[in-house]
Amino acid sequence: MKKLLVTGGAGYIGSHTVVELLDTDYEVVVYDNLSNSSPISLDLVFQITDKRASLIEGDIRDEQKLDEMCRDSWHWQTKNPMGYVS
Ligand SMILES: NC(=O)c1ccc[n+]([C@@H]2O[C@H](COP(=O)([O-])OP(=O)(O)OC[C@H]3O[C@@H](n4cnc5c(N)ncnc54)[C@H](O)[C@@H]3O)[C@@H](O)[C@H]2O)c1
């Protein structure tokens, strides 16, 4: 299964995109600083699709966190099946 990163995926356009991607059987990782959204939007995505997107809370301007996330993506995904990392 292909894994996609959706920045801003907890927001309005992002969460609608995540629904479509999950329905197309992509594995989805949302990277969002939650400055204008809440993890609840991904619970709603789950209610619609019956599939979970993982959520990593972080800012797209945080280069170090992005590097760590890409390097460790397999690790955190397997250690945190619910997918929430702050
Ligand atoms: N029709 C409706 O009901 C409705 C509802 C909401 C919004 N809208 C429209 O949709 C558009 C906005 O939607 P959108 O999805 O672009 O905005 P959004 O604010 O809903 O989504 C942006 C997401 O990016 C995140 N974010 C912002 N800065 C970030 C950063 N530096 N690093 C990581 N994450 C960051 C926010 O937390 C948010 O989750 C507007 O045109 C608005 O009018 C329509």
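About the cut-offs
Residues numbered from 1 in each chain as written. Predicted model: local features only at pLDDT ≥ 70, side-chain atom pairs only at ≥ 80, totals over all residues. Heavy atoms only, no water. Near = heavy atom within 4 Å. Polar contact = N/O pair within 3.5 Å; in protein donor to acceptor, adjacent residues only side chain to side chain. Areas by Shrake-Rupley, 256 points an atom, 1.4 Å probe, with all protein chains shown as cover. Helix = DSSP H or I, 4+ residues; strand = E, 2+ residues; numbered from the N terminus. Contact = heavy atoms within 4.5 Å. Core = buried A, V, L, I, M, F, W, Y, C linked by side-chain atoms within 4.5 Å. Buried < 20%, exposed > 50% of the residue type's maximum accessible area, 1.4 Å probe, protein only. Patch = residues over 30% accessible without salt bridge, like charges linked within 9 Å, V, L, I, M, F, W, Y side chains within 5 Å. Salt bridge = Lys/Arg side-chain N within 4 Å of Asp/Glu carboxyl O. Lys, Arg positive; Asp, Glu negative; His and termini not counted. Charge placed at Lys NZ, Arg CZ, Asp CG, Glu CD.

## Re the site of the ligand
Item 1. Close to the ligand lie 15 residues; Tyr12, Ile13, Asp32, Asn36 and Ser37 are nearest.
Item 2. Within the contact set of the ligand, an oxygen atom lies 2.6 Å away from a side-chain nitrogen or oxygen of Asp32.
Item 3. Between the ligand and Ile60 there is a distance of 2.9 Å, counted from a nitrogen atom to a backbone nitrogen or oxygen.
Item 4. Burial of the ligand by the protein amounts to 52% of the accessible area it has alone, namely 860 Å².

## Concerning unusual backbone geometry
Item 1. Even without being glycine, Asp25 reaches a positive phi, approximately 70 degrees.
Item 2. Tracing the backbone shows Asp25 in the loop between α1 (12–23) and β2 (27–32).

## Quick notes on the environment of Val45
Item 1. Structurally, Val45 is set in helix α2 (residues 40–49).
Item 2. A C-alpha to C-alpha distance of 6.0 Å links Val45 and Val19, two positions 26 residues apart in sequence.
Item 3. Setting aside its immediate chain neighbours within four residues, Val45 contacts Ser15, Val18, Val19, Leu22, Asp50 and Lys51.

## A look at the nonpolar core
Item 1. Judged by nonpolar contacts, the single largest core of 13 residues is most densely connected at Val18, Leu22, Val28, Val30, Val45 and Ala53.
Item 2. Mapped by element, the contributors of at least two residues to this core are α1, β2 and α2.
Item 3. Ranked by the residues each element gives to this core, the list is headed by α1, at four residues.
Item 4. Formed by five residues, the second largest nonpolar core is a distinct cluster that contains Val29, Tyr31, Ile56 and Met69.

## Here's the deal with the side chain of Ser15
Item 1. Considering the arrangement of structural elements, one finds Ser15 in helix α1.
Item 2. Among the polar contacts listed, one links the side chain of Ser15 to the backbone oxygen of Gly11, at a separation of 2.7 Å.
Item 3. If near-sequence neighbours (up to four positions away) are discounted, Ser15 is found in contact with Gly9, Ala10 and Val45.

## Points about a negative patch on the surface
Item 1. Side chains of Asp62, Glu63, Asp67, Glu68 and Asp72 sit close together on the surface and give a patch of like negative charge.
Item 2. As for its placement among the helices and strands, Asp72 is situated in helix α3 (residues 63–79).
Item 3. For Asp72, a relative accessible area of 32% translates into the label partly exposed.

## Let's talk about the pattern of salt bridges
Item 1. Overall, the coordinates contain three salt bridges when judged by the stated rule.
Item 2. With its nearest N and O atoms 3.2 Å apart, the salt bridge here joins Asp43 to Arg52.
Item 3. A salt bridge links Arg61 to Asp59; the nearest nitrogen and oxygen atoms lie 2.8 Å apart.
Item 4. On the accessibility criterion, Arg61 (71% relative accessible area) is exposed.

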